[in-house]
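Residues per chain, in single letters:
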Amino acid sequence: MASWQWFHRLGSPRWFYEKTNAWMPWLVCISTLMLVVGTVWGLGFAPVDYKQFNSYRIMYVHVPASAVAMAGYYVMAICGAIGLIWRMKLAFMTMKSAAFVGALLTFISLISGAIWGRPTWNTWWVWDARIVSVLILFFLYLGVLALQDAYQDQESADKTSAILALVGTVNIPIIYYSVDWVLTLHQGSSLRIGGESSISAVMVYPLLWMILSFYVLFATLVLGYTRLEILKRGRKTSWVQDLVLKKAGGS
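About the thresholds
- Residues numbered from 1 in each chain as written.
- Predicted model: local features only at pLDDT ≥ 70, side-chain atom pairs only at ≥ 80, totals over all residues.
- Heavy atoms only, no water.
- Helix = DSSP H or I, 4+ residues; strand = E, 2+ residues; numbered from the N terminus.
- Expected span 1.5 Å × (residues − 1).
- Buried < 20%, exposed > 50% of the residue type's maximum accessible area, 1.4 Å probe, protein only.
- Arc of directions from axis to C-beta.
- Contact = heavy atoms within 4.5 Å.
- Axes fitted to C-alpha atoms, helices over the stretch in contact; angles between N-to-C directions.
- Parallel < 35°, antiparallel > 145°, perpendicular 65-115°, else oblique.
- Left-handed = near helix turned anticlockwise from the far one by under 90°.
- Nonpolar A, V, L, I, M, F, W, Y, C, P; charged D, E, K, R; others polar.
- Patch = residues over 30% accessible without salt bridge, like charges linked within 9 Å, V, L, I, M, F, W, Y side chains within 5 Å.
- Areas by Shrake-Rupley, 256 points an atom, 1.4 Å probe, with all protein chains shown as cover.
- Salt bridge = Lys/Arg side-chain N within 4 Å of Asp/Glu carboxyl O.

K.L.:
Got a sec to walk through helix α7 (residues 154–167)? Specific residues and values, please.
P.N.:
For α7, with 14 residues, the first-to-last C-alpha span of 20 Å sits near the 20 Å given by 1.5 Å per residue. Every buried residue of α7 is listed here: A157, D158, S161, A162 and A165. Here the buried residues of α7 occupy an arc of 125° about the axis, which is enough to place them on one side. If you follow the buried residues of α7, they end up packed against α4 (59–86), α5 (89–121), α6 (129–150) and α9 (201–233).

Dropping the structure here:
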């Protein structure tokens, strides 16, 4: 019973907003510090690759952005499912925030991949199975965001967006296994959790650090945008109006 009470309390936008006040400064500082350390480590101290030379260093941005963009889609879809099943408004707000951050990370993945592809393949873009499926991921994120603005009724927008998010999960395994299923220019996974990696340990450690850093960044941004969404949707409630007046008075 206590766990269910905690679960429903977590679904309260006001309770969530107030409880996360103390988290945000710490998360911002931690994510910033981790990104700075990882960037300096990967770009400044990792050795030069014997084949790709320094152009491989884009992986310290491309791989984390791609990995977290895919994981973030599951976060968005799960939040959508929670919203549909238990009708939690906070879950829908988090879904929308995850869609925005996920779209941003997917865009970074596509751009960084193009930057790497120019010297490697002598072109910015190829109609490769993995690249196209990542582009579809980007459009799915944008679709969820577009549906949020397509309805005047917020409840209808939330439900439709959640359904699209759930349907789109079929694309994630396609992205991951596309290099194994289809003859593709995109190289296979250099980092394998369950097997032997094809990348030197001295290059792996900063990569793992950056992946962890991007996960922390994702959590920070989703939390921040969810807080903004709470204020936006609850702008007519008394507690949000009191909060705005308090901050205006304090400034």
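K.L.:
An account of the packing of α4 against α9 is requested, with residue identities and associated values reported.
P.N.:
At a minimum axis separation of 9 Å, α4 and α9 run at an interaxial angle of 40°. Compared by their axis directions, α4 and α9 come out oblique. As α4 runs across α9, the sense of the crossing is right-handed. In this structure, α4 uses M59, Y60, V61, V63, P64, A65, A67, V68, A71, G72 and V75 to contact α9, whose residues at the interface are M203, P206, L207, M210, I211, F214, Y215 and F218. When grouped by side-chain class, the residues that make up the contact of α4 with α9 number 18 nonpolar, one polar and no charged.

K.L.:
Go over the environment of M210, please, and point to the residues and values.
P.N.:
Mapped onto the secondary structure, M210 falls in helix α9. The exposure class of M210 is buried, given its relative accessible area of 2%. With 168 residues separating them along the chain, M210 and G42 place their C-alpha atoms 8.4 Å apart. Sequence-distant contacts of M210, defined by excluding residues within four places in its chain, comprise L35, G38, T39, Y60 and P64.

K.L.:
A description of a nonpolar patch on the surface should follow, citing residues and the corresponding values.
P.N.:
Side chains of L33, V36, V37, V40, W41, F45, Y205 and L208 sit close together on the surface and give an oily, nonpolar patch of about 780 Å² of accessible area. Elements with a minimum of two residues in the nonpolar patch: α3 (23–45) and α9. Here the element with the most residues in the nonpolar patch is α3; it accounts for six residues. The topology assignment puts L208 in helix α9. According to the relative accessible area criterion, L208 is partly exposed, its value standing at 37%.

Function cannot be inferred from these measures alone, as they are strictly geometric.
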